[in-house]
Structure formats: C-alpha cells, structure tokens
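Topology and contacts: notes
The primary structure of each chain is shown beneath.
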Amino acid sequence: MNFDLTDDQEMMRDMFARFLDEQSSMIRVREAAPSGFDPALWQGLADLGALSIRVPEEAGGLGLGLFDATLLMEEAGRTLASGPLAEALVAARLLAQLGGDTAELLGQVMTGRAIVSLAFHDVADQPVQWIGGGQVAQSVIARRGGDVILVDVPEAARRSEDNLASTPMAEIDLGALPHAILATGEAALSTFAQGVEEWKLLIAAGLAGIGRQALKLAAAYACERKQFDQYIGQFQAISHPLADLLCDVDGGKFLVWKAIRDLVDAAPQAGAAISIAAWWNADAAARAVAQALHTFGGYGLTTEYDIFLFNLRAKAWPLLLGDPQRLIEEAGRRFYGAERPALPDAGAMPIDFDLGEDARAITQEINDFFAANVTPEMRETFHYSWEGYNPELNRKLAAQNLLYLGLPADVGGRGLSAYEKTAAMDAFETQGYNNPAANVTQMVALIIHRFGTEELKAAVLPEIMRGEVICSLGYSEPGSGSDVFAAQCRATQQADGSWRIDGTKMFTSGANLATYVLMLCRTNPDVAKHKGLTMFIVPLKADGVTIQPVHTFQDERTNITFYDGVSIPDSWRLGEIDGGVRTMSASLELEHGGGFAKYQRAMLQAAESLCREIRCDGRTLIENGGAQVRLARTAANLWASELITYRAQWAIAEKKPNHAYGPMAKMFSSEKFQSDARDLLDLTAPLSLSKRKGAAAEINQYYRHAQGSTIYGGTSEVHRSMIAERALGLPRTRA
C-alpha cells in the first residue's frame, strides 16, 4: 500500500503550489473578475509546462499521467486559479490524440498563446452549449454525430456574460460556426468520450482542493474569533461539522485516486469509480464551502472575506456539465446496468491500495483453517457479537496462532502488520465469523505482559495464549458514559496490601463468558480525575462479583457487573498506583485505524442480492434507476470508508504523521454504516423486515447492529473532537 507521491511528483506539486500561491493569490483572483481569466497566470502556467502535462511526448508534451494532472488541479482548486484549466488540459490531449492538421494549434495551446476548450454534448443534438472558458477560447473540440470536430470561435461569438462565480464561461451556438473534422468513426468518438471522463476526474480533484482550503480558512477563523469570551472553535456546534466535512473532502480526494488506480488496473468498476468521484466531490465541496462560510457568520457574506469566492467557485466548476445528480445516476447504470463507458489511459500511478502478498497469504491461511476445522453446526453459532464466542473454535485458532493476530510476537501473538490485520479481519467476515472476545483478550494480554507482576503473568497469560479463557473490559460506568476517567468504582488498599473493590461497571460485554475483567478503578479521589486511577485484573468468579444481563435490540447481550467487597492481591495490580492512564496507553500499540467497512461491504452485497430478488413494476428492483442510485451511493460510502481506513493503516505501518486518521476512519465509517443501513432497509422493504434466513435477515441484522456503531469504541462526538483538534488545529472543544 502506498499513499506517497514520487519524489518527482512532490517537486512538481511544490513548484505549482509556490507559483499559484503567488500568481493566484486572492488579490489576483479578485482582479481577474468579472472575466474570471488571468492572462498572466495562464502564461505562467504554460511556461511551467502545466498545459502540456497530458500531451504525449511524441507530440511535444510532458507525457505525464492523469494522476500528475490531478495534483495540478488540486492546487488550482486550492488557489481558485482563474482560467479553464481542466478543459484546456483535456483539449490539448485530444488535439494530440486525434491528429489532423492541428500541430500548430497544439503548439500554441501548450505555450499559452491559444486556448481550446471542450463541449460535452453532441452538437447535432444540442448546438447551443455552455462552454468552460468560452469567453476566451479560440476553438472548441466537440462531437457532432459520428465526427469529432474543431469549431472556430470568432471573438464576436465569445460573448461575455455575468455568471455565478465570474468564470469565463459562455453560451455558444456551435452549430452556427465554421468547423473542421478532426477525426471520424468509433475510435474517434471513443477518444473524445475518454476526454470527457478525464475532465470529470480533473474537476473532482480541483473541487477537493477547494473544499480542503475552505475548511482550512474556516478553522483558522474559528481559532481567532471569540464569542462569549471563548474562541468559537471550542464549541462543538462549530468544530464538529468541520470535522465531518474534512472526512468527506479527504474521502473525495481518495476516490479520485481510486478511480485512477482502477483505470490503471483495468478494474471492472473503473467507469463507475469515475462517476462516483465526480459526484462525490461536487457534493462534498459544495457542503464544505457552505459550512466554512457559515463559520464566518455574517462576515462570510461580505466581499471583505475570501470565503465567498470558494463558495461560488465550488458550484461553478462542476455545474458546467449539468446537474451532479446525473453523475450518481450514471454510476448506478455503470454498476448495475449495461452502460460501458470509454475509459482514458491513465498512465503511471504510484498510489496503491493493495494490501500485499503477506495479506493474501494470511487470508488463504484463514480460509484453509475454516475449511478444515469449522463444521456447519459450528457456523450456526456464529454471531457478530460476543454471543458468537465458541470455546472449541477459540482453542483451535490459538493452536494455529490465528487467535491474537495483532498481538506482538514477543507476547506470543502473531504480530501481523496493519495490512495483514485488515486482510485477516476481512477474511473472518467473509467466513461469517467475528470475534470481539479475541480482540479484547489480546489487549488485556498485552497490558498484563507490559505491566503485570511475574505472579500475575504466570497465573493468567498461559491460559489466555492457549485460548482457554477470554477477558472483558471494565471501563464504562452507569454515570460516566464515554468519559472513562470519570470512573468511581473504588479500589481501596487493605492493611495486608490486598485491594478491596466496590462499585458498578456498565456495558461489561462478555462478562458472562469471560474469566477475567480488566478493571479501571478510582484509587485516589483527591487528585485530578485522570491521575487517581489504577488498573487491575479481577477474576469474574471471585466472591462479591455479580453479573446481570442487559439485552439490546441489536440481538446481543451486554452486562452490568457489580463488585461488592471483591478482594484481590496486590500482585494482580497493573502498573503503578494512580498510574492507570499510562497502563491503558499500552493498548494503543494494537491500534490499526479500523472501521466498519467490512460490515458495509457485506451489507451492500446483501442489499444487491435482495434487489435481484424483489420485483417492482414488472422487473427486478435492481433494474430500477432509483434503486441503482441508492446502491451506488452505498458503494461510494463503502469505498470512502475503506480509503480513509487504509490511510490510517498506512500511516501506522509506515510511521507517517498521523493527524487523527484512526478517529476519522472509525467515525466516518460508523456514521455511513448507520445511514446506509437505514436506507437499504427502506429500499428492500417489506422483505427486509423479515428475519428470514439469508439476505433479508442480514439486512435486518445490519440495521440493528449499525445503531451501536456510532457509540461503542468511542462515540462519534468524541472522535469529531479529536479530528477537529488534531487534523484542523482547532482548540479543545466544549459543548
């Protein structure tokens, strides 16, 4: 897996960034209005080779890949570059590809002396079209029936017209102007169609740049502006929407990267990936700039602040093609219908989402294990919750070193990389087996190994590692919710050095199955709450422990556990007295930036299955355009969840700076899991109401399961605060 640019791409991006920071400053952007075109900027871009990025070397261009062009477009979006850059990049490549007597014009385009733009629709059907850069373009490449033509646009036809964002768009009657045929036939039409697909990705990348910069401006303002004697960035009403949108904008950029990766790999979903990337970024950028402007309050409405420029440009760029909703409809047809678009040659692509050979090896090992060891009767007991725990299978997994996959090898675990763990979790999901018991138990084993006494290690670790026992967590309490540092369960040291534990723990999932619980207890009420905590291992069969079941509508059981004078030796204490926070931190070694993509994927597959079964208006539901849109939207959310999660795993594995990438993965994927579960339950109703074995029961179960995903493992609100602080630089939030 790789999210890094090559050294050459880093240098190129930095070069364009420095140039655009200077030559496309907000002062220059304002000066370019109302025409929306900056001749000096355009010439400077040409001098740097920007306009020839996608022109093959044999035609005098740089011959770089589509990914390189999107890096340029992201910087152009960030700085609101004044000119029809996406259209010009595509037109220059088309001139080189289609041949004909265009060498001189191509040279002029690459050197900035002429501008050629692009028409999206067949001139034979729609002669009058809105053209990006139409006010300044000398020529327009268009399709007319079976021909690809070059339309000469005299100055008289390039009428200036006020528009939303002061861009150089113009409505031109292409059918009434002289033209030359560049090429004819299916190959020519395919090449032209490829250019339109490329434009979608270029604009999508530009929109990602616009959205990211708008959020940056909003965050900076929120760190300066005070209200009620507090910086407004401290209020969750300000910071949390920005955190949500940062996930959306980053996800959009990665969807562009995925589309290019899919093109390079000739993946069957490449066409749909282009449509999704364009639709997603149009939507995400529009929402990001609106929320950013809202952060500025009334000042955002004034022309004194730059944020309104981003707001208008984010709408102007994609709408040249028409309603972005058509893009998600297009994605639906490409996923589930017969639409097969012409796809561009993307060139080189350094970004790679492949988990690698080791990941494939662990997947095969798990699949082989299940084939050899799991009976149909055993599969009947599988469940996503702790209730799917199977002691026999647990021991067998331990014997094959497949139980504690993330636990470091020095503790006795498998010590898999982040990539291998992801593949392994997906393999278990494919087998229908989830094992939260193992995930918690390996964390407890790690803490015992790092902080336990020799007596505790000898008593507990061997049976854990053999898979004979499991452990649960005693963190949450009835009154503390997600604030684990508010724990009031008391541990009082006795005269003989032992500890007496009194109190209540809530949501002690698996306590009815576990042998031990990892307890966080209050040992000093007279210091700051996070300093007066200590960790212990408590046997759940000890005198004074009472376990009371709590059943959820998610078809799972959790527990309240009561501790009344429970006595444990001091040797079962973990770490220093009042040092519980440091002890807890050991569990972070197992962090892998996980999310809910594996459930989202399985849920989408179940919905697709039901849509092929359900009939509506005389045909299967999956043939319905509205259903295709909703399935495609779920696929988009799944892909974005995967990509955001992959970035978190990559940052951990490669020891890269990590700006709350794990919280982004968990929060974003859980929110999309929940919203899509709700929508797919609706889409496949009333069959989805049934618990009938198969896809219906799965959709039913995923809907119920998803309700808790935004709560456990840290609520979405907690993670939004972490994202706001670590990724956007906002101050510590408050309600």
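We now turn to the structure provided with this report.

Quick notes on the rules
Residues numbered from 1 in each chain as written. Predicted model: local features only at pLDDT ≥ 70, side-chain atom pairs only at ≥ 80, totals over all residues. Heavy atoms only, no water. Helix = DSSP H or I, 4+ residues; strand = E, 2+ residues; numbered from the N terminus. Rg over C-alpha atoms; globule rule 2.2 N^0.38 Å. Contact = heavy atoms within 4.5 Å. Areas by Shrake-Rupley, 256 points an atom, 1.4 Å probe, with all protein chains shown as cover. Lys, Arg positive; Asp, Glu negative; His and termini not counted. Charge placed at Lys NZ, Arg CZ, Asp CG, Glu CD. Axes fitted to C-alpha atoms, helices over the stretch in contact; angles between N-to-C directions. Parallel < 35°, antiparallel > 145°, perpendicular 65-115°, else oblique. Left-handed = near helix turned anticlockwise from the far one by under 90°. Nonpolar A, V, L, I, M, F, W, Y, C, P; charged D, E, K, R; others polar. Core = buried A, V, L, I, M, F, W, Y, C linked by side-chain atoms within 4.5 Å. Buried < 20%, exposed > 50% of the residue type's maximum accessible area, 1.4 Å probe, protein only. Phe/Tyr/Trp six-rings, centres within 6.5 Å; stacked < 30°, edge-to-face > 60°. Lys NZ or Arg CZ within 6 Å of the ring centre and 35° of its normal. Disulfide = S-S within 2.5 Å. Pairing = 2+ DSSP bridges.

1. What about the overall build of the protein chain?
Check the secondary structure of the protein chain and you find 23 helices and 18 strands. Taking 27 Å as the expected radius of gyration for a compact globule of 735 residues, we find that the protein chain reaches 29 Å, a close match to that expectation. Based on the C-alpha atoms only, the size of the protein chain along its principal axes is roughly 100 × 60 × 45 Å. Pairs at least 24 residues apart make up 75% of the contacts formed inside the protein chain by residues separated by at least 6 positions. When the accessible surface of the protein chain is split by element, carbon and sulfur atoms take 50% of a total near 29100 Å². Each charge class in the protein chain was averaged separately, 67 positive and 90 negative side chains, and the resulting centres sit 4 Å apart.

2. As for the packing of helix H5 (residues 85-98) against helix H7 (residues 186-222)
Taken N-terminus to C-terminus, the directions of H5 and H7 make an angle of 155°; their axes are 9 Å apart at the nearest point. Comparing the axis directions of H5 and H7 gives the class roughly antiparallel. Pair H5 / H7 crosses with right-handed handedness. In this structure, H5 contributes Ala86, Glu87, Leu89, Val90, Arg93, Leu94, Gln97 and Leu98 to the contact, and H7 contributes Ala188, Thr191, Phe192, Gly195, Glu198, Trp199, Leu202 and Ile203. The residue inventory of the contact of H5 with H7, partitioned by class, reads 10 nonpolar, three polar and three charged.

3. What about the environment of Phe67?
Position of Phe67 relative to the elements: it lies in helix H4 (residues 66-78). Taking C-alpha positions, Phe67 is 17 Å from Leu48, a pair spaced 19 residues apart along the chain. With residues near it in sequence (within four places) discarded, Phe67 still touches Leu5, Gln9, Trp257, Ile260, Ala346, Ala348, Met349, Pro350 and Ile351.

4. A word on the nonpolar core
One broad rule of soluble globular proteins: the nonpolar side chains tend to lie buried together. Within the largest apolar cluster, 243 residues are counted, with the highest numbers of intra-cluster contacts made by Ile141 and Ile501. The biggest single contributor to this core is H7, with 18 residues. When near neighbours in sequence (up to four residues on either side) are disregarded, Ile501 contacts Cys489, Arg490, Ala491, Met519, Cys521, Val538, Tyr563, Asp564, Gly565, Val566 and Ile568. Ala119, Val140, Ile149 and Ala157 belong to the second largest nonpolar core, which has 13 residues in total.

5. A closer look at the side chain of Thr684
Inspection of the secondary structure puts Thr684 in the loop between helix H21 (661-683) and helix H22 (695-709). For Thr684, the contacting residues outside a window of four places in its chain are Ala607, Leu610, Cys611, Ile614 and Ile699.

6. Some thoughts on the packing of aromatic side chains
Counted according to the given criterion, the structure contains 29 aromatic pairs. Of the aromatic side chains, those joined through ring pairs into one cluster are Phe3, Phe67, Phe254, Trp257, Phe353 and Trp650. A cation over an aromatic ring shows up here: Lys226 above the ring of Tyr231, its NZ or CZ 4.8 Å from the ring centre. The ring of Trp639 has Lys258 sitting right over it, with the charged end atom 4.3 Å from the ring centre.

7. Structural notes on the state of the cysteines
Disulfide: a covalent bond connecting the sulfur atoms of a pair of cysteines. Taken as a whole, this structure holds zero disulfides when the rule is applied. With no disulfide of its own, Cys611 has Cys616 as its nearest cysteine by sulfur position, at a separation of 9.9 Å. Judged by its relative accessible area of 0%, Cys611 is buried.

8. Some thoughts on the sheet that holds strand S6 (residues 179-184)
Strand order in the open sheet formed by four strands is S1-S3-S4-S6, with mixed pairing between adjacent strands. This sheet does not close on itself; its edge strands, each paired only once, are strand S1 (116-118) and S6. Going across the sheet, the axis of each strand differs from the next one's by a mean of 30°, ignoring polarity. As paired elements, strand S3 (residues 139-144) and strand S4 (residues 147-152) share six bridges and run antiparallel to each other. Considered in S4, the bridge of Ser139 is made with Asp152. Along the sheet, H5 makes contact with S1, S3, S4 and S6, crossing S1 at roughly 100°.

That's the geometry; what it means functionally is another story.
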